[in-house]
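An overview of the molecular structure
The chain contents come next:
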Amino acid sequence: MGRYIFVTGGVLSSVGKGITSSSIGLLLSSRGYNVTIIKIDPYINVDAGTMNPYQHGEVFVTEDGYESDLDLGHYERFLNRDLSRKNNITTGQIYLSVIQKEREGKYLGQTVQIIPHITNEIKERIREVGKDYDITIVEIGGTVGDIESLPFLEAARQMGLEEKCLYVHVSLIPELSTTGEQKTKPTQHSIQELRRIGINPDIIIARSRRLLEPEVRRKIALYSNLREEDVFSNYDVENVYKVPLILEDQGLSKSILKKLELEDRKPDLYRWIEFVEKMENARKKVKIAMIGKYTKLRDSYISIVESLKHAGAYLDIKPQIKWIESTDIERGLIDVEGSLGDVDGAIVLPGFGDRGTEGKIMAIKYLRENKIPTLGICFGLQLSVIEAARNLLGLKDANSTEIDKNTRNPVVDLMEEQKKIVGYGGNMRLGAQKAILVKDTLTYELYGREIVYERHRHRYEINNKYIDALESVGFIVSGYSEKGLVEFMEYRRDIHPFFIGTQGHPEFKSRPLNPHPLFIGLLRSSIR
Ligand code: GLN
């Protein structure tokens, strides 16, 4: 029978539940258990696809084309396994489905209510995922006490009566800046709130700046009816990949397995430890420019940042990121040469809409002309094509129809299938797409194979009418989809040492233990 671990949060959101859940997942799967993680997002959006990155950070895309909260990215990176659309449950999905069922007459004669109809729907979806696993971790977004999360907490409570469940509460222990004293009161309140809902936490993970003081740990244990050994300290560390090791050292897995009545086994964390050590010991520094328009919130590009770390550890390189806000270039607040003159490599980031695009195009021109190793991701590829069309082919008004509907040279345009679609949400070209790489290209060399799958999230495509002209100036296609769409382009190596653009999002497939070839290639070329 499968077991369930519910992870709730106290005091503040962003307290680190995502990394904690991922760490528990890694520790248990390193013991040979088959583990998965579900994220519950109590918002009413059906998925994260329509949300601005400033709201929730990056939109992560799964292999099966679902646009999710960024926590699924953490889960995949720690578990080293693909998750699916079923691993994210939102209030929007639950209500949509219950209301549809009501209209179909499935509850005929009944009054449809939060309890039991909404809670049953929640439990069904959790079990639908959990039935195939030994252990299912369910992270409930937000903070205990939020109105939105109540039905989910109620469902979690009920499941405790029906299955073997464990409740982990991750809570903040603030520190007074004047005395450095660790304060437990907010956590006491959130534990009380959890009890009021009917859930007694089995394990408390205290988030704090420094290691938890023994006295403070004792106090938390007392208030939560727990033994001190069931209170763990997850203190601030610069490297999130160290968190599972910190919790392992304190015996978290042992405590969880005992409570779940599962045997403890010897963990196999060898490769993980090796990865963390390589990451920490890397000395060679490379400065990588990240050019985009959501640079004010770093979480907007979290998978790309992590991908650089994975490739860096692999190569014994410490990548240093220089954030470059493309709207600042556009407005003349920073100049291109001044901001890109000292970087070793660059990534032109994904994006939507026209804000900041001219700034990115100016940056791309500089990167191309100065032979700086460059990776263009999705919009980054599209804007590189616009730059080439304008500056190498002399098509001064070349543009994407996303930016200028009436351009006479739509080098990036909507394909017929996308034109038919109206409205927003889940209707882009999404998820894993097959590409066939062209032999003798840098792209092919890096991947080391002909057929690759990358996850996509876009509406627009490179306009094939301009391919011959672009190739004639050395910007060649290095990978096509089965239908002949452009998936990868690169500058011929006699023109530029490393300039690759891809329509896909390689960052969604990079893992600590499986760094991605394109990021490895970029860093390797940047160090030269
Ligand atoms: N805005 C572009 C498109 O929709 C690129 C999207 C992206 O960078 N993910 O095609």
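Residues numbered from 1 in each chain as written. Predicted model: local features only at pLDDT ≥ 70, side-chain atom pairs only at ≥ 80, totals over all residues. Heavy atoms only, no water.

Residues in close proximity to the ligand include Pro350, Gly351, Phe352, Cys378, Phe379, Gln382, Glu402, Arg457, His458, Arg459, Tyr460 and His505, which together make up its full environment. Within the side chain of Gln382, a nitrogen or oxygen atom sits 3.1 Å from an oxygen atom of the ligand. Side-chain polar atom of His505 to a nitrogen atom of the ligand: 3.1 Å apart, as the coordinates give it. Taking 300 Å² as the accessible area of the ligand by itself, protein coverage stands at 99%. Elements that contribute at least two residues to the shell around the ligand include exactly helix 16 (379-391) and strand 17 (451-458). For the shell around the ligand, the class distribution of residues is five nonpolar, four polar and three charged. (Near = heavy atom within 4 Å. Polar contact = N/O pair within 3.5 Å; in protein donor to acceptor, adjacent residues only side chain to side chain. Areas by Shrake-Rupley, 256 points an atom, 1.4 Å probe, with all protein chains shown as cover. Helix = DSSP H or I, 4+ residues; strand = E, 2+ residues; numbered from the N terminus. Nonpolar A, V, L, I, M, F, W, Y, C, P; charged D, E, K, R; others polar.)

Let us now look at the UniProt feature "binding site: L-glutamine" (unreviewed entry) in the chain. When the UniProt feature table is mapped onto this chain, "binding site: L-glutamine" (unreviewed entry) is found at Tyr54, Gly351, Phe379, Gly380, Leu381, Gln382, Glu402 and Arg459. A maximum C-alpha distance of 22.8 Å shows the annotated residues, which cover 406 residues in sequence, to be distributed over more than one spot. By the element assignment, Gly351 lies in the loop between strand 12 (345-348) and helix 15 (357-369). With residues near it in sequence (within four places) discarded, Gly351 still touches Lys360 and Phe379. (UniProt positions renumbered as here; feature names shortened; annotations may be inferred. Contact = heavy atoms within 4.5 Å.)

A word on the packing of aromatic side chains. Tallying each qualifying case throughout the model produces 12 aromatic pairs. A centroid spacing of 5.0 Å and a plane angle of 90° characterise the contact between Tyr491 and Phe499, whose relative ring orientation is edge-to-face. Three or more aromatic residues link up through ring pairs in this structure, and these residues are Phe78, Tyr241, Trp272 and Phe275. Taking the ring centre of Tyr33 as reference, the NZ or CZ of Arg265 above it sits at 3.9 Å. (Phe/Tyr/Trp six-rings, centres within 6.5 Å; stacked < 30°, edge-to-face > 60°. Lys NZ or Arg CZ within 6 Å of the ring centre and 35° of its normal.)

Quick look at the pattern of salt bridges now. Per the counting criterion, the structure on display carries 53 salt bridges. Note that Arg210 and Glu175 form a salt bridge whose closest N and O atoms lie 3.0 Å from each other. Note that Arg210 is positioned in the loop between strand 8 (203-208) and helix 8 (214-223) and Glu175 in the loop between strand 7 (164-172) and helix 7 (185-197), a separation of 35 residues in sequence. Note that Glu387 is salt-bridged to Arg368, the shortest N-O span being 2.8 Å. Placement of the pair is Glu387 in helix 16 and Arg368 in helix 15, with a sequence separation of 19 residues. Classification of Glu387 as buried rests on a relative accessible area of 0%. Connected through salt bridges with shared partners, the residues Glu63, Glu76, Asp82, Arg455, Lys509 and Arg511 form a single ionic network. (Salt bridge = Lys/Arg side-chain N within 4 Å of Asp/Glu carboxyl O. Buried < 20%, exposed > 50% of the residue type's maximum accessible area, 1.4 Å probe, protein only.)

If you look at the biggest cluster of nonpolar residues, it comprises 42 residues, and the most contacted ones within it are Ile5, Val168, Ile256 and Trp272. At five residues, helix 1 (residues 17-29) tops the list of elements feeding residues into this core. For Trp272, the contacting residues outside a window of four places in its chain are Leu26, Arg77, Phe78, Tyr241, Pro244, Leu245, Pro512 and Leu513. Of all hydrophobic cores here, the second largest spans 37 residues; its members include Ile329, Ile364, Tyr366 and Leu470. (Core = buried A, V, L, I, M, F, W, Y, C linked by side-chain atoms within 4.5 Å.)

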